[in-house]
Structures are given as C-alpha cells and as structure tokens.
There are 2 protein chains.
Amino acid sequence: MRADARRNYQLILTEAAAAFAERGLDTSLEDIARRASISIGTLYRHFPTRHALLDAVLGDRLRQLATARPQHGDADGTLTDWLGHFVAEATAYRGLAETVLAALADPDSRLHASCLAMHDTAAHLLRDAQQHGTIRSDVHIDDLLLLATALAWSAEHRPGQPADRLSNLLVDGLRRR
Amino acid sequence: MRADARRNYQLILTEAAAAFAERGLDTSLEDIARRASISIGTLYRHFPTRHALLDAVLGDRLRQLATARPQHGDADGTLTDWLGHFVAEATAYRGLAETVLAALADPDSRLHASCLAMHDTAAHLLRDAQQHGTIRSDVHIDDLLLLATALAWSAEHRPGQPADRLSNLLVDGLRRR
DNA sequence: ACCTGAACACCGTTCAAGT
DNA sequence: ACCTGAACACCGTTCAAGT
C-alpha cells in the first residue's frame, strides 16, 4: 500500500470512530470524509460499504466481546457480565443493536463474521449457564441474542442508569423455577 | 375546508397509512405525496411535520390502545394482553417503538398526546397488576414502557412467532417471587 | 495505484407564484 | 384558501479524469 493511501486509511478510521461515537452508526459518510479532509471517492475506495467501515472500526471490539470467557466459575454471572459488556458497547455506539441484527441476518455483510464470532461466544455462555447455572434449558440462542440486542436498544434510548436493573430483570425471566 | 382540500387530506391519509404499513414509519414523504398524486407542498400544508401525519394515521390506534381495559378480572393477564396488543401494533408498523419513545420524550411532538394517553393506561394497568396481581412493587412505569418498546422493537426484527414467548419471559421477570 | 470531484438520483423543507 | 413546483441543502454511490 502506498504511503499516502495508508495515511488516508488511518485518517478515515480515526474520524469514523469519533463520528460513530458522537453521532451514532448512521452518521453521514460524507461528513466522515470531510472530517478526514479526503474525498468521498477515497473513502469508498478503502471501504466499499458502510459495514466494511464499521467492521474496521468495531470489528476488534466485537471479536473481543466474542473471546470473553468465564471468570467467576459462576456460569450465570458470566452470562450476565457478557450481557453487560454488550449493552455498554451499544450505549457507546448508538445504532449498534440494529446493526448487529442486520449483520447477523446478512451473510454478505462485511460485519457478518465479527458478529457471528460474537454469536458463537454467546451460544457457548448460554449453554454453560444452562448446564451449570440456573438458566432454562428451552431458551434458544436466537432468543438470547434478540433479548441482548433489545436490551442494548433500550439502553441506547436511556442515558440513565437502569440498564443493569433491566438486565437483571430479564435474566431472571430466563431462570428456571 | 374547501372540497379539494378535504379530498387531498383524505388521499394523503390513505396513501400514508399504506406506505407506513408497507415500508415503515420512516418512508419518504415525497413518496407518499407521489402515491397520492399531490404536490409535496400540499402534504406539508396539511401535515407540517412527520409526527403530525403519524398522529393522523396512528393516533386512533394508540388512543384505542390507551382505552383498553381489564376484561379478565386477572390483573396480570390484562397487563400481558396490553403488551401483546402493543407488540402487534409495532409489527404492523415498523419503527413504531422508536417513534413512541421519541414522541414521549418530546412534548412538542404532534404525537405526544396520543402516546401520553397510552402511557397513562399502561401505568394504570401496571398499578393494578402490582396491587391485585403478582408484579413486583418496585417496577416503575418507565421501566415497563421501555420494556414494552424494546419488546416491540425486537418483534419488528422478527417476522417469526416468538414474540409471545419473549413477552411471557419478560413478564415473568417482573414477578415477585 | 491512488485520488479527486463532478454527476446522478434521491430526500426534507421552504416559499414565491399561481388559481 | 389552497395548490404547485422550483429552490436550497443535504446525502449515497459511481465513475471519468487526473497525478
């Protein structure tokens, strides 16, 4: 890669990360190009789709979320923690919940792989919590992810605190009794 | 109101209802105007904001949702039914969950009153279910509405059936034990 | 190889000009 | 009183022309 290209690539990444954090994942791409002082055509050359840019900015975080592993020994707690991390990510980047669902449903999305990795981790944690914790055995991974994204979505609409309360409420709903 | 104006008003309403149902609440207003074969200026004259048009199309349904009243005698069941109706509305009009939250938060929205009416009904049902049912006393109406809209949002992303399952799960989470 | 910016299609919103 | 459509500002996306 040519030096100027590499520089532009980094510039776009930096400004995109800031713009996504400030204005949400649906910010104008033209605005990002302006902030990076490059042409819109250059942005498209490096990132042919919005999801490609999102993957470059958020892929690591999603994959990190994917490699999160038990630390409590407590399988229920591990699942709850994961939910909390996911929700935290979503409050940092408005629109993440929507985007994750879309990327999971679309195999052609450039974000698909990262989201799938996250999906698989969640499935793993769920299985653990069902076998060694108190989560109902009839909860399906798709239910959990839908729940997680719905929770994240609601957190996006709440600058306030009660994400944890809601989160606990929901996990309670998943428990066998 | 002049006869042509009245006719245009109705035309817009009809096409808007169809467009909202088909393409979601964020459909292009220009598209609605085109479908109604009137000028975009005329649409704006009758409905100065998108929320004004939404209120004309959906206000009745929201208010109907507001006047839903106990029928079971069972306070928990009444609350669950209400949730179900709300979710059904949201699956019929993609974007409703988001819009309702926005309208509730914005007193200047032309949808504010209709959503407030709904809010008040939900508060009433919640109180009943806390006093005569099994819902925890520490659940706040804002929690419930956030939950309801989150549930509706998730249903929008699921052409499938499991809205009821999730709904029951969530209500379970609200129960005292 | 890579960058630029014009081009096209689309939308939200306003407003002067018409009837 | 009401309607029309041009006008302006904005965006997504592509591509011919430049270096």
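Residues numbered from 1 in each chain as written. Chains lettered and ligands numbered in written order. Predicted model: local features only at pLDDT ≥ 70, side-chain atom pairs only at ≥ 80, totals over all residues. Heavy atoms only, no water.

Colleague: A description of the overall build of chain A should follow, citing residues and the corresponding values.
Modeller: Scanning chain A for helices and strands turns up nine helices and zero strands. Starting at the N terminus and ending at the C terminus, chain A contains elements arranged as α-α-α-α-α-α-α-α-α. Principal-axis analysis of the C-alpha atoms places the extent of chain A at approximately 60 × 35 × 25 Å. For chain A, restricting intrachain contacts to residue pairs at least 6 apart in sequence, the fraction spanning at least 24 positions comes to 66%. As displayed, chain A has an accessible area near 8,500 Å², and 49% of this comes from carbon and sulfur atoms. (Helix = DSSP H or I, 4+ residues; strand = E, 2+ residues; numbered from the N terminus. Contact = heavy atoms within 4.5 Å. Areas by Shrake-Rupley, 256 points an atom, 1.4 Å probe, with all protein chains shown as cover.)

Colleague: Any details on the interface of chain B and chain A? Residues and values, ideally.
Modeller: Listed per partner, the contact involves 25 residues of chain B and 25 residues of chain A. Here chain B packs against chain A, burying approximately 2,300 Å² in sum over the two surfaces, 63% of which is carbon and sulfur. Per-residue buried area on chain B facing chain A is highest for Leu146, Trp153 and Leu169 of chain B; these three make up 27% of the total on that side. The tally of links between chain B and chain A comes to zero salt bridges. Taken together, the links from chain B to chain A amount to four residue pairs in polar contact (both at pLDDT 80 or more). At the level of elements, α6 (96-105), α8 (141-156) and α9 (163-174) of chain B are the ones that each hand at least two residues to the side of chain B that touches chain A. Ranked by the residues each element gives to the side of chain B that touches chain A, the list is headed by α8 of chain B, at eight residues. (Buried area = accessible area lost by both parts, 1.4 Å probe. Salt bridge = Lys/Arg side-chain N within 4 Å of Asp/Glu carboxyl O. Polar contact = N/O pair within 3.5 Å; in protein donor to acceptor, adjacent residues only side chain to side chain.)

Colleague: Could you give an account of the packing of aromatic side chains, with specific residues and numbers?
Modeller: Describing an aromatic ring pair means giving the distance of the ring centres and the angle of the ring planes. All names here are of chain A. As enumerated under the stated definition, the model contains five aromatic pairs over all chains in all. Geometrically, the ring pair formed by tryptophan 82 and phenylalanine 86 is stacked, given 5.6 Å between the ring centres and 5 degrees between the ring planes. Within this pair, tryptophan 82 and its partner phenylalanine 86 are both found in helix α5 (residues 75-92), separated by four residues, close to a single helical turn. The residues tryptophan 82 and phenylalanine 86 share a single accessibility class, namely buried. (Phe/Tyr/Trp six-rings, centres within 6.5 Å; stacked < 30°, edge-to-face > 60°. Buried < 20%, exposed > 50% of the residue type's maximum accessible area, 1.4 Å probe, protein only.)

Colleague: Residue-level account of the relation of the copies chain B and chain A, with values.
Modeller: The two copies are related by a screw operation: chain B maps onto chain A through 180 degrees of rotation and 0.0 Å of translation along the axis, at an RMSD of 0.0 Å. Each copy turns onto its partner about a two-fold axis. In terms of C-alpha distance to the rotation axis, chain B has glycine 173 of chain B as its closest residue, with the C-alpha 2.0 Å off the axis. Most of the interface of chain B is mirrored in chain A, where 100% of its interface residues again form contacts. (Least-squares fit on C-alpha atoms with pLDDT ≥ 70 in both.)

Colleague: Outline the environment of arginine 63 of chain A, listing residues and values.
Modeller: Residues and elements named next belong to chain A. Structurally, arginine 63 can be placed in helix α4 (residues 50-67). Separated by 50 residues in the primary sequence, arginine 63 and alanine 113 place their C-alpha atoms 9.2 Å from one another. Ignoring sequence-local partners within four residues, the contact set of arginine 63 consists of Asp55, Ser114 and Ala117. A distance of 3.1 Å separates the side chain of arginine 63 from the side chain of aspartate 60, its partner in a polar contact.

Colleague: Kindly report on α6 of chain B, identifying the contributing residues and their values.
Modeller: Along α6 of chain B, seven of the ten residues are buried, which leaves the element largely enclosed by surrounding structure. Along α6 of chain B, the residues classified as buried are Leu96, Ala97, Thr99, Val100, Leu101, Ala103 and Leu104 of chain B. Residues of α6 of chain B that are buried in the fold lie against α8 (141-156) of chain A together with α4 (50-67), α5 (75-92), α7 (112-132) and α8 of chain B.

Colleague: Let's hear about the layout of surface pockets: which residues, and what values?
Modeller: Quantified by volume, the largest pocket comes out at close to 370 Å³. The wall of the largest pocket is formed by 15 residues, among which Asp26, Arg94, Gly95 and Glu98 of chain A together with Glu98 of chain B lie closest to the centre. When residues of the lining of the largest pocket are traced back to their parent elements, those giving at least two are α4, α6 (96-105) and α8 of chain A. Examining the composition of the lining of the largest pocket, we find that three residues originate from one element, α4 of chain A, more than from any other. In terms of residue class, the lining of the largest pocket is built from three nonpolar, five polar and seven charged. (1 Å grid on protein atoms, 1.4 Å probe; cavity = no way out; pocket = protein on both sides within 12 Å on 5 of 7 lines; lining within 4 Å. Points joined across faces, edges and corners; volume = space filled by probe spheres on them. Nonpolar A, V, L, I, M, F, W, Y, C, P; charged D, E, K, R; others polar.)

Colleague: Provide a residue-level description of the protein's contact with DNA strand D, including the pertinent values.
Modeller: Around DNA strand D, the surrounding shell holds 17 residues, and the nearest of these are Tyr44 of chain A together with Arg2, Asn8, Ser39 and Thr42 of chain B. The sugar and phosphate moieties of DNA strand D supply 70% of its atoms located within 4 Å of the protein. Contacts to DNA strand D include glutamate 30 of chain A, whose backbone N or O atom sits 3.2 Å from a phosphate oxygen. Contacts to DNA strand D include asparagine 8 of chain B, whose side-chain N or O atom sits 2.3 Å from a phosphate oxygen. Counting only elements with at least two residues in the surface near DNA strand D, the list comes to α2 (29-36) and α3 (40-46) of chain A together with α1 (3-23) and α3 (40-46) of chain B. No other element matches the four residues that α3 of chain B contributes to the surface near DNA strand D. (Near = heavy atom within 4 Å.)

Colleague: Outline unusual backbone geometry, listing residues and values.
Modeller: Residues and elements named next belong to chain A. Despite not being glycine, serine 37 shows a phi value in the positive range, around 55 degrees. Topologically, serine 37 is positioned in the loop between α2 and α3. Its relative accessible area of 65% is what places serine 37 among the exposed residues.

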